[in-house]
Amino acid sequence: ARVERLDTGLTLVDISSIGAGGGSICWVDDQYLPHIGPESAGSLPGPASYGRGGSEPCLTDVALVLGLLDPEYFLGGEMTLDGGAALTALRERVVKPLQGSEQETAAGLYELAVANMSNAVRAITIERGHDPREFAVVSYGGASGLFIAKIAEELGVRRVLIPQLAAVFSAVGLLFTDFVRTREKTINWSVAQNDYRQLSHLFSELQSQAAGDLRQAGFAEDVEYRWEGDFKLGTQAYEVTIPIGPRTFDENSGREFLPLFRQTYERLYGPGTFWVGAEQLALIKNARVKGVGHLAKPHFPGNGPASRYVPPPDRVRPVFLPDQRRWEDVAVFLSTSLASGASFSGPGIVESFDTTVFVPQGWDVQVDSGHNVLMSQAIRGE
């Protein structure tokens, strides 16, 4: 984990964060270049459209100017957004310095937010050996649905899942996530030369410590242990974490470790990058045991296939489509009206109490039996 500018030996949840939320402030620097964030107006005073004293244009204001948000249906109608204040803030702080039009500037800021978030995803996928085209994207957070389809397009991703509880997805996950305690020891253990019985004893000792942590936290049953080793070659500065147990190690384990190490290494850094002939230098720098106490999970409705039907829109409103730079009347569907099996093709908008989903042209939507929104993009020629 990197703390500020310092690399550490800590193991933490890997989160890449960028300033592109609904409260992220849009601004122009001295070179007349537009930026979004990292400064945020938060919820108080919040974006200019909140009417709470904020004067800085934020991404929420941008979405409002483009027509992606309904000012009368924010939080299901409990809060009214001030479109005039959003337009004024955008005009004074961004439009005038750039000498553009309101909608063209808002569309440019929307595309800048998409580019920022797409680049962040590239940094944690392509740069680490993962092809985003092979994955589906799970999109959550109140503002994510406004941007996720265009982000997916930038990355070549064809499937997006927006859970029914998207706006509170992290909070729900925190309530029901498993309890984890980690025990770790730096060992600099030579894969080629050391005693494997000693390695088994070390991991068993770490597991006993993790088991004690779980018992102290009240977990006596439904527990799991995961053994990991941080592998590297010689004096390399970075390690590759590989799951290696629980199991009993013997003299044959080294012959199993090395192909697994090489496979993982080349998946991350590319074919042919493994230091062939340097197997004698392979080390396990850190031994790690994770004790997992499983919590009971809530039951959610199933998410299997459902009979498709095309519902009528609840209303239609003009939206300035960012990529096409023109106004178009777009069908708007309330999530409460979309029963299991509902499907439609973009452009369209799905509105709920706590989030809004923008469906661009070229994307299809289906609501599954768990009331999750599934978005898919067809490739031309298929």
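For every chain, the first residue of its written sequence is number 1, and the numbers climb from 1 along that sequence. In keeping with the predicted nature of the model, local features appear solely for residues at pLDDT of at least 70, side-chain atom pairs appear and are counted solely at 80 or more, and the whole-chain, interface and lining totals rest on all residues. Hydrogens and water molecules were not included; the side-chain quantities draw on all heavy atoms of the structure.

### A look at the overall build of the protein
The helix count covers DSSP runs of H or I at least four residues long, the strand count covers runs of E at least two residues long, and both are numbered beginning at the N terminus. Looking only at helices and strands, the protein features 7 helices and 17 strands. On the principal axes, the C-alpha backbone points of the protein span a range of 70 × 50 × 50 Å. Classification of residues uses two cut-offs on accessible area relative to the type maximum, computed with a 1.4 Å probe and protein chains only: under 20% is buried, over 50% is exposed, and between them is partly exposed. By residue count, 40% of the 382 residues in the protein fall in the buried class. Here the analysis covers contacts within the protein between residues at least 6 apart in sequence; of these, 61% occur between residues at least 24 apart. Working definition of accessibility: Shrake-Rupley area with a 1.4 Å probe, residue cover restricted to the visible protein chains. When the accessible surface of the protein is split by element, carbon and sulfur atoms take 52% of a total near 20500 Å². Charge-centre separation for the protein: the mean point of 33 positive side chains lies 5 Å from the mean point of 46 negative side chains. Residues count as neighbours in contact if any of their non-hydrogen atoms are within 4.5 Å of one another. By the counting scheme adopted, Arg and Lys are positive, Glu and Asp are negative, and His together with the chain ends is not counted. Think of each charge as sitting on NZ of Lys, CZ of Arg, CG of Asp or CD of Glu.

### Quick look at the packing of helix H3 (residues 102–124) against helix H4 (residues 148–155)
Comment: axis = line fitted to C-alpha atoms, over the contacting stretch for helices; angle = value between 0 and 180 degrees taken between N-to-C directions. Their axes nearest at 9 Å, the elements H3 and H4 cross at an angle of 55°. One finds that H3 runs oblique with respect to H4. The chirality of how H3 crosses H4 is right-handed. Judged by residue contacts, Tyr 110, Val 114, Met 117, Ser 118, Val 121 and Arg 122 of H3 engage Lys 150, Ile 151, Glu 154 and Leu 155 from H4. Residue polarity is assigned by list, with Asp, Glu, Lys and Arg as charged and Ala, Val, Leu, Ile, Met, Phe, Trp, Tyr, Cys and Pro as nonpolar; anything else, Gly included, falls into the polar class. Here the residues of the contact of H3 with H4 sort into 6 nonpolar, 1 polar and 3 charged. Roughly parallel means an angle under 35 degrees; roughly antiparallel, over 145; roughly perpendicular, 65 to 115; everything else is oblique. Definitions for this section: a left-handed crossing has its near helix turned counterclockwise from the far helix by less than a right angle. A right-handed crossing has that turn clockwise.

### Description of the packing of helix H1 (residues 59–66) against H3
Contact pair H1 / H3: the axes reach a minimum separation of 9 Å and the direction vectors enclose 130°. Classified by the angle their axes make, H1 and H3 are oblique. Crossing handedness for the pair H1 and H3: left-handed. Contacts from Leu 59, Val 62, Val 65 and Leu 66 in H1 reach Glu 102, Gln 103, Ala 106, Ala 107, Leu 109, Tyr 110 and Ala 113 in H3. Here the residues of the contact of H1 with H3 are counted per class, giving 9 nonpolar, 1 polar and 1 charged.

### Here's the deal with the layout of surface pockets
In this analysis the probe radius is 1.4 Å and the grid spacing 1 Å, with only protein atoms considered; a cavity is a set of points the probe fits into but cannot get out of, a pocket is an open set with protein on both sides within 12 Å along at least five of seven lines, and lining residues have an atom within 4 Å of a point. Grid points are joined across faces, edges and corners, and a volume is the space filled by probe spheres set on the points. For the second largest pocket, the calculated volume is near 450 Å³. What lines the second largest pocket is a set of 24 residues, and nearest its centre among them are Tyr 50, Thr 60, Phe 74, Gly 142 and Ala 143. The residue inventory of the lining of the second largest pocket, partitioned by class, reads 10 nonpolar, 11 polar and 3 charged.

### Details of the sheet that holds strand E9 (residues 240–245)
Read from one edge of the open sheet, 4 strands run E7-E10-E8-E9, paired in antiparallel fashion. The sheet is open, and its two borders are formed by strand E7 (179–190) and E9, each paired with just one other strand. On average, adjacent strands in this sheet sit at an angle of 25° to one another, irrespective of strand direction. At least two bridges found by DSSP between two strands are what make those strands a pair. Direction of pairing for strand E8 (residues 223–233) relative to E9: antiparallel, over a ladder of 5 bridges. Within the sheet, the bridge partner assigned to Glu 228 lies in E9 and is Pro 243. Contacts between helix H7 (residues 253–269) and the sheet are confined to E8, E9 and strand E10 (282–293), with E9 contributing the most and set at about 145° to the helix.

### Points about the sheet that holds strand E11 (residues 315–321)
What the 4 strands build is an open sheet, ordered E11-E12-E14-E15; its pairing is mixed. One side of each edge strand has no neighbouring strand; the edge strands of this open sheet are E11 and strand E15 (356–359). Here the strands of the sheet are splayed against their neighbours by 30° on average, with no regard to which way each runs. The sheet contact formed by strand E12 (residues 326–334) and strand E14 (residues 348–351) spans 4 bridges and is parallel. Across the sheet, Ala 331 pairs through a bridge with Gly 348, a residue of E14.

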